[in-house]
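One letter stands for each residue in the lines below.
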Amino acid sequence: MTRYLPALIATVFAVTVWQAIVSITGLPKFILPGPALVAETWWTNRAVIAEHTFITFIEVMIGLVLGALLGAITAIQLATSRLARMLVQPMLVFTQALPVFALAPILTLWLGYGLWSKVAMAVLIIYFPVTSSFFDGLMRTPPGYLDLAKTMQATPRAVLWQIRIPAALPSLASGLRLAAVYAPIGAVIGEWVGASKGLGYLMLLANGRAKTDLMFAAMLTLGVLSILLHWAVRTATVRLEESHSGRSRAQ
Amino acid sequence: MTQAPEITFAGQATIDGATLFAPLTLSLRPGQWTCLLGGSGVGKSTILRLIADLETGATFTGTILASDTKPVENRVAYMAQEDLLLPWATVAQNITLGARLRGETPDPSRLADLLTRVRLTDHATKKPAELSGGQRQRVALARTLMEDKEIILLDEPFSALDAQTRADMQDLAAELLRGKTVLLVTHDPAEAARLGHAIEVMSPRGLTACATPSASAPRNVDDRETLETQGALLKLLREQST
Ligand SMILES: Nc1ncnc2c1ncn2[C@@H]1O[C@H](COP(=O)(O)OP(=O)(O)O)[C@@H](O)[C@H]1O
Ligand SMILES: [Mg+2]
């Protein structure tokens with residue numbers, strides 16, 4: 001329980017400050033609704049919010065799985081082929097220089113207003129962090145392992161699967177933890193550009209109708225969804241790393 | 001296993017044009033331990049790695065030949081100061097690493113036999129993190145032996161261990177590597193005096209062959225002649241480094 005105490009205290013503090021600002025400034029509720037009103041709106045609209053949260057959640061999950069897979073495959077290709085490094089690495093750098101947001105309208109044009117344009121946004125936004133952190137790990141295999149493998153006449157394929165990839169899994173895990181933070185951002189940007197469902201859509205809709213309280217409710221729900229997702233990925237990857245190294249992490 | 005060959009290393013090495021070692025000849029007598037003793041940075045590991053055909057920072061000119069004229073580099077097993085155990089693999093998987101890396105099926109009876117000989121049978125399914133430093137180095141020794149190679153290259157494999165574990169490991173290695181052609185690189189005169197059938201002291205001036213104690217290796221840690229040899233080796237090392 002004491003583990004969650006700081007988070008609880010921080011939440012109470014934030015809500016208090018929020019309420020204080022509302023009370024002191026006397027801002028109208030369509031500019032800044034107070035916490036009590038937002039909570040009430042959240043409760044009365046819970047069915048609608050749940051429906052849109054579910055859609056965003058599905059987009060994010062599919063995006064995470066696809067993005068992680070594509071990123072991992074790319075990293076392995078880059079790590080094993082000099083030609084791939086020559087051809088693909090400059091392109092990766094270029095796509096990073098381009099704001100992913102700029103692609104959102106095109107993706108909507110190509111993939112429609114449904115689920116897939118949002119999944120594509122999430123994939124695009126997490127692809128690079130996953131690829132680059134896993135690739136770095138694959139290129140930083142401890143040299144002693146490679147020496148040992150060489151004296152054992154290992155095949156390059158076996159070295160990849162039995163040494164380089166396992167040794168790079170902690171790097172992949174840190175890429176995945178970043179991805180869990182970025183994926184919801186990608187999905188919501190996709191929803192802003194054009195959607196009829198999802199938390200991003202709900203926020204725009206509420207904003208357009210001056211239902212600021214509903215917008216806040218949707219935004220806070222998105223925040224909670226992101227935190228839960230990050231926590232889940234974190235827990236899973238830490239477990240993986242522990243069983244991987246045969247060592248449990250000191251708490 | 002076939003008879004272990006004699007290995008003759010002859011040549012010189014430079015790093016970025018500067019001489020690392022001048023022309024020298026090092027012979028590893030068949031089925032015996034040759035200890036290459038020297039201070040750090042004189043090029044001991046470079047020689048060992050050249051024999052194993054591993055990357056070095058040096059440019060080598062010379063020859064590395066086996067008495068049976070067959071290639072050397074695919075007949076060596078290598079053991080370094082770091083145990084190089086894969087943390088995600090069990091003790092048994094680490095010992096059988098070579099076979100798995102070649103796409104072969106490891107021989108289970110050979111594995112069981114080696115586990116017994118390094119006294120790790122009860123630890124076969126553990127991960128390296130659960131073992132002590134000495135146990136980990138025994139796993140590395142078993143992995144080296146599992147390779148069934150004729151030439152064994154040891155690069156200060158015991159230098160990270162405490163004194164008594166080190167002496168235990170030296171005894172075990174001497175027993176298990178009997179009959180192999182062994183090159184032991186070390187900076188420890190006591191280790192060379194205990195284990196060497198031949199001892200070569202390496203310095204920037206080259207190699208100096210030294211007399212070995214008359215007792216058969218591994219020699220007792222308190223054997224008088226071994227202690228005298230240890231003293232003589234240390235004296236030589238100090239003289240040559242000035
Ligand atoms: N990869 C490398 N690149 C450049 N210099 C190196 C490299 N490896 C070793 N050296 C240098 O070569 C010299 C001999 O190294 P080494 O053979 O490891 O010495 P020893 O094992 O006797 O301590 C040292 O001065 C070291 O700094
Ligand atoms: Mg060395």
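Scroll up to find the structure.
Residues numbered from 1 in each chain as written. Chains lettered and ligands numbered in written order. Predicted model: local features only at pLDDT ≥ 70, side-chain atom pairs only at ≥ 80, totals over all residues. Heavy atoms only, no water.

> Can you explain helix α5 (residues 133-146) of chain B? Please cite residues and give values.
The end-to-end C-alpha distance of α5(B) is 20 Å, a good match for the 20 Å that 14 residues give at a rise of 1.5 Å each. With 12 of its 14 residues buried, α5(B) lies for the most part within the structure. Among the residues of α5(B), those classed as buried are B:G134, B:Q135, B:Q137, B:R138, B:V139, B:A140, B:L141, B:A142, B:R143, B:T144, B:L145 and B:M146. Each element contacted by the buried residues of α5(B) is listed here: α7 (143-151) of chain A together with β5 (76-79), α2 (91-95), α4 (108-117), β6 (151-155) and α6 (163-176) of chain B. Within two residues after α5(B), B:D148 carries a phi angle of roughly 55°, on the positive side. (Helix = DSSP H or I, 4+ residues; strand = E, 2+ residues; numbered from the N terminus. Expected span 1.5 Å × (residues − 1). Buried < 20%, exposed > 50% of the residue type's maximum accessible area, 1.4 Å probe, protein only. Contact = heavy atoms within 4.5 Å.)

> Go over the sheet that holds β5(B) with me, naming the residues and quoting the values.
Residue and element names in this part refer to chain B. One open sheet holds the six strands; their spatial order is β5-β6-β7-β3-β8-β9, and the pairing between them is mixed. In this open sheet, the two strands that pair with only one neighbour each are β5 and β9 (206-210). Between one strand axis and the next, the sheet turns by 20° as a mean value, whatever way the strands run. Here β5 pairs with β6 via four bridges, running parallel. Across the sheet, the residue bridging to A77 is I152, located in β6. Against the sheet, helix α8 (residues 224-240) engages β3 (33-38), β8 (198-203) and β9, with an angle of about 20° to β8. (Pairing = 2+ DSSP bridges. Axes fitted to C-alpha atoms, helices over the stretch in contact; angles between N-to-C directions.)

> Break down the site of ligand 1 for me, with residues and values.
Residue and element names in this part refer to chain B. Neighbouring residues of ligand 1: I15, L20, G39, S40, G41, V42, G43, K44, S45, T46 and G57. Within the backbone of V42, one N or O atom sits 3.3 Å away from an oxygen atom of ligand 1. Protein contacts shield 55% of the accessible area of ligand 1, which totals 560 Å² for the unbound molecule. A per-class count over the shell around ligand 1 returns three nonpolar, seven polar and one charged. (Near = heavy atom within 4 Å. Polar contact = N/O pair within 3.5 Å; in protein donor to acceptor, adjacent residues only side chain to side chain. Areas by Shrake-Rupley, 256 points an atom, 1.4 Å probe, with all protein chains shown as cover. Nonpolar A, V, L, I, M, F, W, Y, C, P; charged D, E, K, R; others polar.)

> I'd like a description of the nonpolar core, backed by residues and values.
All names here are of chain B. Counting residues in each nonpolar core, the largest one holds 43 residues, and the members touching the most others are W33, I95, L141, L154, L177 and L233. Sorting elements by how many residues they give to this core places α5 first, with six residues. In this view, L177 contacts W33, L141, L145, I152, L154 and V182; residues no more than four positions away in its chain are not counted. Listed in part, the 40 residues of the second largest apolar core include L54, V72, V76 and M202. (Core = buried A, V, L, I, M, F, W, Y, C linked by side-chain atoms within 4.5 Å.)

> So what's going on with the interface of chain A and chain B? Residues and values would help.
Between chain A and chain B, the residue contacts involve 22 residues of the former and 24 residues of the latter. Each partner contributes to the roughly 2,000 Å² buried at the junction of chain A and chain B, and carbon and sulfur atoms together form 61% of this total. If you look at where chain A meets chain B, you find two salt bridges. B:R49 is paired through a salt bridge with A:D147; the nearest N and O atoms lie 2.9 Å apart. The interface formed by chain A and chain B contains nine residue pairs in polar contact (both at pLDDT 80 or more). Listed by contribution, the elements that provide at least two residues to the side of chain A that touches chain B are α7, α8 (156-193) and α10 (212-245) of chain A. Here the side of chain A that touches chain B takes seven residues from α7(A), the largest share from any one element. Here the side of chain A that touches chain B is composed, by residue class, of 10 nonpolar, nine polar and three charged. (Buried area = accessible area lost by both parts, 1.4 Å probe. Salt bridge = Lys/Arg side-chain N within 4 Å of Asp/Glu carboxyl O.)

> Outline a nonpolar patch on the surface, supporting the account with residue identities and numerical values.
All names here are of chain A. Taken together, the side chains of L66, I106, L109, W110, L111 and W116 present a nonpolar region at the surface, about 680 Å² in accessible area. Ranked by residue count, the leading element in the nonpolar patch is helix α5 (residues 104-111), at four residues. Exposure remark for L66: the relative accessible area of 35% places this residue in the partly exposed category. (Patch = residues over 30% accessible without salt bridge, like charges linked within 9 Å, V, L, I, M, F, W, Y side chains within 5 Å.)

> Outline unusual backbone geometry, listing residues and values.
All names here are of chain B. Residue P218 is reached from A217 by a cis peptide bond, and omega for that bond is 0°. Mapped onto the fold, P218 is located in the loop between β9 and α8. You will see that T69, though not glycine, has its phi angle at about 65°, which is positive. Mapping T69 onto the fold places it in the loop between β4 (59-66) and β5. Of note, R119 is a non-glycine position whose phi angle comes to about 55°, a positive value.

> Any chance you could break down helix α2 (residues 35-44) of chain A for me, citing the residues and the numbers?
All names here are of chain A. Within the span of α2, buried status applies to P35, V38 and T41. Viewed along the axis of α2, the buried residues span an arc of 125°, placing them on a single side of the element. Residues A36, E40, W43 and T44 are exposed on α2 and point more than 90 degrees away from its buried face. Taken together, the buried residues of α2 touch α1 (5-25) and α10. (Arc of directions from axis to C-beta.)

> Could you give me a rundown of the pattern of salt bridges, with the residues and numbers involved?
Residue and element names in this part refer to chain B. Summed over all chains, the structure comprises 14 salt bridges over all chains. The closest approach of N and O atoms between R75 and D68, which form a salt bridge, is 2.7 Å. Note on D68: relative accessible area 27%, which makes it partly exposed. With its nearest N and O atoms 3.0 Å apart, the salt bridge here joins R224 to E228. Of this pair, R224 and E228 both sit in helix α8, four residues apart, which is roughly one turn of the helix. For R224, a relative accessible area of 63% translates into the label exposed. A single salt-bridge network, built from bridges that share partners, covers R102, E104, E147 and K149.

These values are about where atoms sit, not about what they do.
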